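# Summary of the model geometry
Listed below, chain by chain, are the residues.
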Amino acid sequence: FVWLKRRLTVQHTLQAAMAATDNAATLLCVVPPSLGVLWALKEFVWLKSIKLAGPKAGLSAPLSGVSPGEVADILRSMEEISTFISVGATAFLKKEYQYMVVYMIAFSCVLLPLVGAPTCLAFNVGCITSCACGYIGMKVAVYANVRTAHEAWLDLQKGFNVALRAGSVMGFCLVSLGVFVLFGLLVLFRGVLFSDKASDAEDLYEALAGYGLGGSSIALFGRVGGGIYTKAADVGADLSGKNEFGIDEDDPRNPACIADNVGDNVGDVAGMGADLFGSFAEATCAAFVIAGSSYKVADGIAGNYPATLFPLLLSSVGIVVGLATMMVVGCIYKVNDVSKIEGALKGVLNISTVLQTPAVVALAYYVLPARFALDETFDNVTPEKCIASVLLGLWSGLVIGYATEYYTSHTYRPVREISETQRVSAATGIIYGLALGYLSCIVPTICIGITVAVAHTVAGMYGIALGALGMLGTLTMGLAIDVYGPISDNAGGIAEMSKLGAEVRRKTDALDAAGNTTAAIGKGFAIGSAALVSLALFGAFTVRAKIVSVDILDPWTFTGLLYGAMMPYAFSAMTMKSVGTAANDMVEECMRQLKLIFEGSAKPDYERCIAISTDASLREMIAPGALVIVSPLLGGVLFGKNCTAGMLSGALVSGVQLAVSMSNSGGAWDNAKKYIESGGLGPDHAKGSNAHKAAVIGDTVGDPLKDTSGPSLNIVVKLSAIMSLVFGTVIADHSGPTGGPFWL
């Protein structure tokens with residue numbers, strides 16, 4: 001009796017401890033996102049408190065850049081330009097979201113009968129959350145751009161602080177909403193639509209994958225539509241203004257200048273935010289699906305609720321790390337000179353990566369059991385193995401970021417080499433830029449390869465999903481420095497159009513140049529994480545479609561491999577041609593207006609140029625989107641699951657290399673132009689020289705590569721994989737006994 005009583009006491013104690021752990025895991029999914037939203041609100045209130053009042057009385061004209069009598073006119077002009085940009089960006093997003101609502105309704109009609117109501121619900125929630133995150137980020141960016149210009153007018157440090165803190169609003173909102181909404185869906189599914197039994201875990205998490213599909217679908221249209229918009233305006237402003245009339249793209253006489261600044265927000269803020277939201281959602285859902293299938297084996301992780309939440313908790317803890325980083329970075333880095341801007345932004349990534357490392361270790365030991373199983377092969381997984389997978393992804397992301405910086409910043413030799421060749425001709429600069437892009441693939445490929453090899457060795461496809469989440473662990477700060485870029489770019493445009501002094505423009509140009517580099521670093525993160533995410537989704541697809549191995553000697557697998565490798569090229573051709581078509585229309589309109597403007601018979605019609613970019617981007621985004629969405633499903637249903645497996649493999653390997661080279665070539669051409677404009681080649685080859693004109697051509701060629709096709713390719717590989725995962729059962733049911741076509 002005493003022995004039995006002790007056993008019951010021990011059992012009750014263990015159950016109480018497990019319940020406490022469940023409650024603690026729930027709190028970890030709720031409290032950090034709540035703190036993140038509160039921080040974002042605090043920063044937005046601080047932004048609103050900044051009044052556009054100009055320099056204080058008594059400030060000298062050389063320091064302010066203008067005489068005291070001009071201050072009122074400049075402030076009025078700044079507010080008018082900011083309003084133009086805000087109205088244009090809001091109008092575009094509202095029109096784009098109308099298209100997306102139609103897509104959501106139409107695609108829900110496909111999802112509902114084929115994969116069920118829970119997946120359809122998760123899909124729509126993912127779409128709405130992605131749209132909300134993009135809209136919030138865009139509104140904050142257009143609110144902050146004029147304040148960044150205003151504060152840079154007063155002090156460089158103040159301008160830097162506004163851009164970075166405004167960017168953090170996007171970072172904390174996106175990750176916090178993503179974690180909170182995904183956890184809410186999980187609770188709803190466990191409590192209402194499914195039971196909390198381990199045997200239901202597989203169906204539950206497969207349904208939850210619809211959340212990732214929704215986020216990635218919106219990301220595709222946001223990236224493609226926003227990318228076509230911004231580059232049509234940018235190319236049009238460059239070719240008509242700079243090359244034909246010798247005026248800056250941000251000169252208020254240039255009719256495309258407002259559309260160009262609008263494009264920075266809809267493409268580089270809303271589109272980029274949707275892209276990284278999709279990566280977070282897909283990586284988390286992939287880890288959930290792989291973990292959910294472990295209920296079939298003894299000691300499977302599916303039966304341990306806190307351990308199952310580990311992928312989501314990684315992102316949740318990352319919010320706390322982001323908060324700590326924002327508190328620390330202001331104390332360590334003082335931006336009192338333009339030379340210190342880039343170092344401060346890199347410091348944000350460094351600090352967050354260092355702080356995230358012990359947080360990952362502590363979290364893994366807290367929620368993961370000492371030993372657990374994923375399947376028959378990986379039946380002895382430990383917290384240490386999961387920690388290794390996460391940290392490999394985390395630090396690989398930082399290395400990829402630094403490699404991207406090396407190849408795209410004019411601080412280093414590769415970009416300066418391009419500038420030097422542009423003294424000869426535009427052609428030599430383009431040749432060097434292409435070579436730079438190809439070379440820049442080496443380091444990211446090695447980093448991704450090492451992460452995949454080690455993570456899969458210790459924890460299978462689950463380890464790869466954790467590696468992707470590790471790379472996205474500092475997403476709050478990655479987004480902050482990403483959004484910093486377009487805010488600073490807009491601030492420079494507003495300073496130019498408002499006729500602020502040369503000293504102010506020098507500061508905003510320095511903020512913008514650093515933003516170009518951080519944007520390139522952000523694209524490196526996005527592409528690297530996309531590779532790991534898509535591979536994890538591919539693993540989850542093989543689980544759901546019951547594919548034991550992928551044999552490229554199988555004819556249907558190899559056929560799919562060839563088609564998949566071709567997809568990124570076809571997609572890039574469509575998007576680049578779309579930019580070219582829209583840019584032609586923009587150049588013709590700008591040339592027509594500029595002739596009248598220089599004659600003095602007309603004023604710039606900004607709204608006409610905004611309308612050209614809007615209509616072209618929404619019209620041209622449909623065909624590339626259809627290619628990506630339809631191909632995996634059609635290929636699987638008609639030619640079997642082996643064909644789909646080959647298609648996903650080909651798209652991943654081909655798409656990642658092409659995305660890296662495109663993004664880095666474009667970024668290098670852009671900064672080569674800025675290096676020449678800053679006087680890097682000397683007074684004989686400065687702004688307005690033949691070398692500068694050659695650099696403008698290189699920058700124009702690179703615009704659709706770095707801001708439209710390149711960044712969109714990571715969505716191509718992710719969306720193809722998540723589509724295959726969600727429809728995995730449908731594809732398997734329409735396959736033959738050996739994985740080939742059902743009709744053979």
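Residues numbered from 1 in each chain as written. Predicted model: local features only at pLDDT ≥ 70, side-chain atom pairs only at ≥ 80, totals over all residues. Heavy atoms only, no water.

### A few points about the overall build of the protein
As a reminder of what qualifies: Strands here mean DSSP runs of E at least two residues long; helices mean DSSP runs of H or I at least four residues long; both are numbered from the N terminus. Only C-alpha atoms enter the radius of gyration; for comparison, a globular chain is expected to reach 2.2 Å times N to the power 0.38, where N is the number of residues. Burial classification: accessible surface area is computed with a 1.4 Å probe over protein chains only, and a residue below 20% of its type maximum counts as buried, one above 50% as exposed, and the rest as partly exposed. Only heavy atoms matter for contacts: two residues are in contact if any of them lie within 4.5 Å across the pair. Computed by Shrake-Rupley with a 1.4 Å probe, the accessible areas treat only the displayed protein chains as cover when residues are assessed. Charged residues are defined narrowly, with Lys and Arg counted positive, Asp and Glu counted negative, and His plus the chain ends left uncounted. Note on charges: their place is set at NZ of Lys, CZ of Arg, CG of Asp or CD of Glu.
Within the protein, the regular secondary structure consists of 22 helices and zero strands. Taking 27 Å as the expected radius of gyration for a compact globule of 744 residues, we find that the protein reaches 26 Å, a close match to that expectation. By its C-alpha atoms, the protein is 95 × 65 × 45 Å across when sized along the principal axes. Taking all 744 residues of the protein together, 63% fall into the buried category. Expressed as a percentage of contacts within the protein between residues at least 6 apart in sequence, the contacts between residues at least 24 apart total 84%. Working note: accessible area of the protein is about 26100 Å², and carbon and sulfur atoms make up 65% of it. Taken together, the 49 basic and 59 acidic charged side chains of the protein have centroids lying 5 Å from each other.

### Thoughts on the environment of Ser-631
Short version of the rule: Any N or O atom pair separated by 3.5 Å or less is treated as a polar contact, with the protein-specific requirement of one donor-capable and one acceptor-capable atom, and with residues adjacent in sequence counted only for side-chain atom pairs.
In this structure, Ser-631 sits in helix α19 (residues 622-639). The spacing of Ser-631 and Met-723 is 92 residues in sequence and 9.4 Å in space, taken between C-alpha atoms. With near-sequence residues (within four places) excluded, Ser-631 lies in contact with Tyr-563, Met-567, Ala-626 and Met-647. Only 3.0 Å separates the side chain of Ser-631 from the side chain of Tyr-563, close enough to count as a polar contact. Looking at Ser-631, its side chain comes within polar contact range of the main-chain oxygen of Leu-627, at 2.6 Å.

### Notes on the side chain of Arg-544
Tracing the chain through its elements places Arg-544 in helix α16 (residues 502-544). Polar side-chain contacts of Arg-544 include one of 3.2 Å to the backbone oxygen of Val-726. In contact with Arg-544, not counting residues within four places along its chain, are Glu-206, Leu-725, Val-726, Gly-728 and Thr-729.

### Some thoughts on the packing of helix α12 (residues 413-421) against helix α13 (residues 426-439)
Note the following rule: Axes here refer to lines fitted to C-alpha atoms; in helices the fit is confined to the stretch in contact. Angles between the N-to-C directions go from 0 to 180 degrees. Note that the term roughly parallel is reserved for angles under 35 degrees, roughly antiparallel for angles over 145, roughly perpendicular for angles of 65 to 115, and oblique for everything else. In this scheme the crossing of two helices becomes right-handed for a clockwise turn of the near helix relative to the far one and left-handed for an anticlockwise turn of less than a right angle. Basically, the charged four are Asp, Glu, Lys and Arg, the nonpolar ten are Ala, Val, Leu, Ile, Met, Phe, Trp, Tyr, Cys and Pro, and anything else, Gly included, counts as polar.
One can describe the packing of α12 onto α13 by two numbers: an axis separation of 8 Å at closest approach and a directional angle of 160 degrees. Viewed along their axes, α12 and α13 adopt a mutual orientation that is roughly antiparallel. When you trace α12 past α13, the crossing you get is right-handed. Between α12 and α13, the contacting residues are Pro-414, Val-415, Glu-417, Ile-418 and Thr-421 on the first element and Thr-428, Gly-429, Tyr-432, Gly-433 and Leu-436 on the second. Here the residues of the contact of α12 with α13 are counted per class, giving five nonpolar, four polar and one charged.

### Examining the nonpolar core
Selection criterion: Think of a nonpolar core as a cluster: buried Ala, Val, Leu, Ile, Met, Phe, Trp, Tyr and Cys residues, connected wherever their side-chain atoms sit within 4.5 Å.
Of all hydrophobic cores here, the largest spans 225 residues; its most connected members are Phe-310, Ile-341 and Tyr-462. For this core, the element with the most residues is helix α7 (residues 257-292), which contributes 21 residues. Beyond its immediate chain neighbours, meaning those up to four positions away, Ile-341 contacts Leu-156, Phe-160, Val-335, Tyr-484, Ala-510, Leu-511 and Ala-514. Grouped together as the second largest cluster of nonpolar side chains are five residues, Tyr-675, Ile-676, Leu-681 and Ala-695 included.

### Quick notes on the side chain of Ser-176
Turning to its location among the elements, Ser-176 is positioned in helix α5 (residues 156-193). With residues up to four places along the chain from it excluded, the contact list for Ser-176 reads Pro-33, Gly-36, Val-37 and Ile-319.

### Comments concerning the environment of Phe-558
Residue placement: Phe-558 occurs in helix α17 (residues 555-599). Linking Phe-558 and Gly-650, residues 92 residues apart in sequence, is a C-alpha distance of 9.1 Å.

### Quick look at the packing of aromatic side chains
Using the following cut-off: Aromatic pairs are defined between Phe, Tyr and Trp rings, using the six-membered ring for Trp, whenever the two ring centres lie within 6.5 Å; interplanar angles under 30 degrees are classed as stacked, those over 60 as edge-to-face, and all others as tilted. Only when the NZ of Lys or the CZ of Arg is both within 6 Å of the ring centre and within 35 degrees of the ring normal is a charge said to sit over the ring.
Within the structure shown, the criterion is met by 17 aromatic pairs. Both rings, one in Tyr-103 and one in Phe-123, keep their centres 6.1 Å apart while their planes meet at 70 degrees; by these two values the pair is edge-to-face. Here Tyr-103 is found in helix α3 (residues 71-115), whereas its partner Phe-123 is found in helix α4 (residues 117-154), with 20 residues between them in sequence. On the basis of relative accessible area, Phe-123 is assigned to the buried category, the value being 0%. Taken together, a centroid distance of 6.1 Å and an interplanar angle of 85 degrees make the contact between Phe-107 and Phe-727 edge-to-face. A residue pair is termed long-range when its members are at least 10 positions apart, and Phe-107 in helix α3 and Phe-727 in the loop between α21 (690-726) and α22 (728-733) qualify at 620 residues. Side by side, Phe-107 and Phe-727 carry an identical accessibility label, which is buried. An aromatic cluster is present here, built from Tyr-103, Phe-107, Phe-123, Phe-221 and Phe-727 joined pairwise through their rings. Taking the ring centre of Trp-39 as reference, the NZ or CZ of Lys-42 above it sits at 4.3 Å.

### Regarding α13
Put simply, the test is: Multiply 1.5 Å by the residue count of a helix minus one, and that product is the helix's expected span. To obtain the arc, one takes the directions from the helix axis to the C-beta atoms.
For α13, built from 14 residues, the straight-helix expectation of 20 Å at 1.5 Å per residue is met to within 8% by its first-to-last C-alpha distance of 20 Å. Along α13, the residues classified as buried are Ala-426, Gly-429, Gly-433, Leu-436 and Gly-437. Along α13, the residues classed as buried sweep out an arc of 100 degrees about the axis, all on the same side. Summarising the geometry of α13, the exposed residues directed more than 90 degrees from the buried face are Ile-431 and Tyr-438.

### Focus: the environment of Gly-246
With respect to the helices and strands, the residue Gly-246 is situated in the loop between α6 (201-245) and α7. You can call Gly-246 exposed: its relative accessible area is 64%. For the pair formed by Gly-246 and Gly-688, sequence separation is 442 residues and the distance between their alpha carbons is 7.7 Å.

### Some words on the pattern of salt bridges
Charged atoms that come close allow side chains of opposite charge to pair. Note the threshold: By convention in these notes, a salt bridge is any Lys or Arg side-chain nitrogen within 4 Å of a carboxyl oxygen on Asp or Glu.
Within the structure shown, the criterion is met by 26 salt bridges. Close ionic contact of Lys-42 with Glu-43 constitutes a salt bridge, the shortest N to O distance being 2.8 Å. For Lys-42, a relative accessible area of 39% gives the class partly exposed. For Glu-43, a relative accessible area of 1% puts it in the buried group. Measuring nitrogen to oxygen at the nearest pair gives 3.3 Å for the salt bridge that ties Lys-95 to Asp-615. Note that Lys-95 is positioned in helix α3 and Asp-615 in helix α18 (residues 606-620), a separation of 520 residues in sequence. The exposure class assigned to Lys-95 is partly exposed, which follows from its relative accessible area of 33%. Owing to a relative accessible area of 37%, Asp-615 belongs among the partly exposed residues under this scheme.

### Looking at the confidence of the model for the protein
Selection rule: Known as pLDDT, the predictor's per-residue confidence is scaled from 0 to 100.
Across the protein, pLDDT averages 87, with 94% of residues at or above 70. Across residues 1-5 the pLDDT falls below 50, and counting only partners more than four positions away or on other chains, this stretch makes zero contacts in the model. Low pLDDT (under 50) marks residues 7-20, which in the prediction has zero contacts with non-local residues, meaning those over four places away or in another chain.

### Quick word on unusual backbone geometry
With a phi close to 60 degrees, Lys-499 is a non-glycine residue in the positive phi region. Take Lys-499: it is sitting in the loop between α15 (475-497) and α16.

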